[in-house]
Amino acid sequence: MQNNVGPYVPSLVFIETTKACEYSCRHCRAESQSEPLPDELTTAELKDTLDQIRGLSDTPPEVVITGGDFLLRKDIREIISHASSIGLPFSASPAGSPLLTGDFMEFLRSYGVRSMSLSLDGIDEGTHDWLRRIPGSFDLTLNLIIEAKRMGINAQVNTTVIKRNIMELPNLVSILRDVGITTWEVFFLIKTGRGIKVEDVSPDEYMQINRWLADLKDYGINVRTVEGPVFRVIRKIQEIQPEAVGTNLYRKLRDATIDLLGMPDRVRPSSGAAPPARHFRGTLFIGYNGDVYPSGLFTAKLGSIRRSSLKDIISEGVDYLDPRKSGKLEGRCGRCEFREMCGGSRARSLAYTGNPFAEDPACLYVPGMKMREVEERQH
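For the structure given in this document, a descriptive report is provided here. (Residues numbered from 1 in each chain as written. Predicted model: local features only at pLDDT ≥ 70, side-chain atom pairs only at ≥ 80, totals over all residues. Heavy atoms only, no water.)

Some details on the packing of aromatic side chains
This is how it is decided: Note on ring pairs: Phe, Tyr and Trp rings are taken, using the six-membered ring of Trp, and paired if centres are within 6.5 Å. Classes follow the plane angle, with under 30 degrees stacked, over 60 edge-to-face and the rest tilted. Secondary structure elements are defined from DSSP: runs of H or I of at least 4 residues count as helices, runs of E of at least 2 residues count as strands, and each element is numbered from the N terminus. Remark: exposure states derive from per-residue accessible area (1.4 Å probe, protein chains only) relative to the maximum for the residue type, with buried under 20%, exposed over 50%, and partly exposed in between. For a lysine, the NZ atom is tested; for an arginine, the CZ atom; a charge sits over a ring if that atom is within 6 Å of the ring centre and within 35 degrees of the ring normal.
Using the criterion set out here, one finds 9 aromatic pairs in the structure. Aromatic pair Phe-188 and Tyr-206: ring centres 5.0 Å apart, planes at 75°, arrangement edge-to-face. One end of the pair, Phe-188, is in strand β6 (residues 183–188); the other, Tyr-206, is in helix α7 (residues 203–213), and 18 residues separate them in sequence. Take Phe-188: its relative accessible area is 2%, and that puts it in the buried class. Pairwise contacts between aromatic rings join Phe-70, Phe-104, Phe-107 and Tyr-111 into one cluster. One Lys or Arg, Arg-211, reaches over the ring of Tyr-250 and ends 3.9 Å from the middle of that ring.

Structural data, given as structure tokens:
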């Protein structure tokens with residue numbers, strides 16, 4: 001595929017160092033794998049991959065080192081120290097397991113980790129342990145978050161939103177505030193892998209949850225969304241087409257938040273993206289065996305770093321990596337005035353329709369509808 005939009009460099013590159021993991025989470029895109037697979041990238045291959053990422057730009061992407069549980073790799077310290085030595089900004093996303101010791105967190109801190117993310121998917125073991133399938137994982141993860149904060153590590157929490165935990169979200173925000181977490185990365189479920197069996201939120205719920213998430217910066221929470229790009233423009237949509245955003249669930253979430261945390265700390269702006277995403281260029285995901293994807297939940301492979309250079313893979317796959325500028329978006333996403341700020345979830349479109357460029361089936365916004373209503377009234 002030809003690169004028709006010029007050089008493209010993602011903002012974030014995720015490296016899945018291993019599939020091995022003690023967890024067998026119900027929503028995971030991967031199959032349960034307790035041992036490393038034989039075709040994992042070697043230490044040398046991972047170092048070369050980091051070198052290629054560093055060479056993409058004078059201001060390289062941030063690398064997110066993840067898994068599986070990357071602490072099951074015996075060479076993980078060597079890999080991380082290499083990233084640091086070549087000046088590559090990196091973050092870490094380990095599993096919340098007993099392998100994540102204070103000693104290892106100190107190692108991350110000493111090598112300049114930008115942030116460390118851990119997952120909390122509910123307010124107690126009732127939801128979190130059910131989803132993660134390991135008793136005690138909620139308490140362990142929460143204690144690890146508290147310890148990371150105590151050590152001065154910039155810790156963030158990741159949460160996957162599913163039907164079961166919607167009304168736990170305000171209480172989860174309260175927990176984050178209590179332990180001093182200010183960055184919350186909210187993942188919207190994509191039905192791939194084991195996640196096919198987990199109940200997704202409806203489009204109406206998706207829109208209203210994003211509307212509520214946009215309010216949380218007034219409580220000092222910096223929200224990021226994964227497969228929820230409408231978050232970037234939800235307030236604009238609310239003003240232009242309020243019926244696309246809904247009210248009932250939003251009010252329940254808002255009222256529960258106020259009951260727990262009081263009124264917001266400051267007056268919420270009446271319009272605009274929350275937070276603005278103009279500098280975010282997108283993601284790249286490198287699998288445990290070198291296969292490359294636009295994201296971890298996008299199931300169509302772009303290539304393999306064992307067969308091609310990373311630059312060539314990006315050049316050939318830029319229509320998938322940057323569809324907002326490639327002109328490939330179809331349906332409502334292709335017509336939408338917010339396509340460059342949002343663009344819809346390509347992983348959701350692929351998983352639900354088989355077409356990665358189709359309109360995002362979770363978004364209820366109808367581009368141009370207000371303009372048509374005005375024109376009809378004038379005639």
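Some details on helix α5 (residues 137–150)
Note the cut-off: Helix span is expected to be 1.5 Å times the residue number reduced by one. Directions from the helix axis toward the C-beta atoms define the arc. A contact between two residues is defined here by any heavy atoms of the two lying within 4.5 Å.
Here α5 contains 14 residues, and its C-alpha end-to-end distance of 20 Å stays within 8% of the 20 Å for a straight helix at 1.5 Å per residue. Where α5 is concerned, the buried positions are Ser-137, Phe-138, Thr-141, Leu-142, Leu-144, Ile-145 and Ala-148. Here the buried residues of α5 occupy an arc of 160° about the axis, which is enough to place them on one side. Tucked into the core, α5 has its buried residues touching α3 (102–110), β4 (116–119), α4 (128–132), β5 (155–161) and α6 (169–179). A positive phi of about 85° marks Gly-152, the residue just after α5.

Points about empty space enclosed by the protein
As a reminder, the rule being used: Cavity and pocket criteria rest on a 1 Å grid covering protein atoms alone: a 1.4 Å probe that fits but cannot get out defines a cavity, protein on both sides within 12 Å along at least 5 of 7 lines defines an open pocket, and an atom within 4 Å of a point defines a lining residue. Grid points are joined across faces, edges and corners, and a volume is the space filled by probe spheres set on the points. Each residue receives one of three labels: charged for Asp, Glu, Lys and Arg, nonpolar for Ala, Val, Leu, Ile, Met, Phe, Trp, Tyr, Cys and Pro, and polar for the others, Gly being one of them.
Taken as a whole and judged by the stated rule, the model has 1 cavity of 30 Å³ or more. Cys-333, Cys-336, Cys-342, Gly-344 and Cys-363 are the residues nearest the centre of the largest cavity, which is lined by 14 residues in total. Here the residues of the lining of the largest cavity sort into 9 nonpolar, 2 polar and 3 charged.

Note that all results are geometric; they support no functional claim without further evidence.
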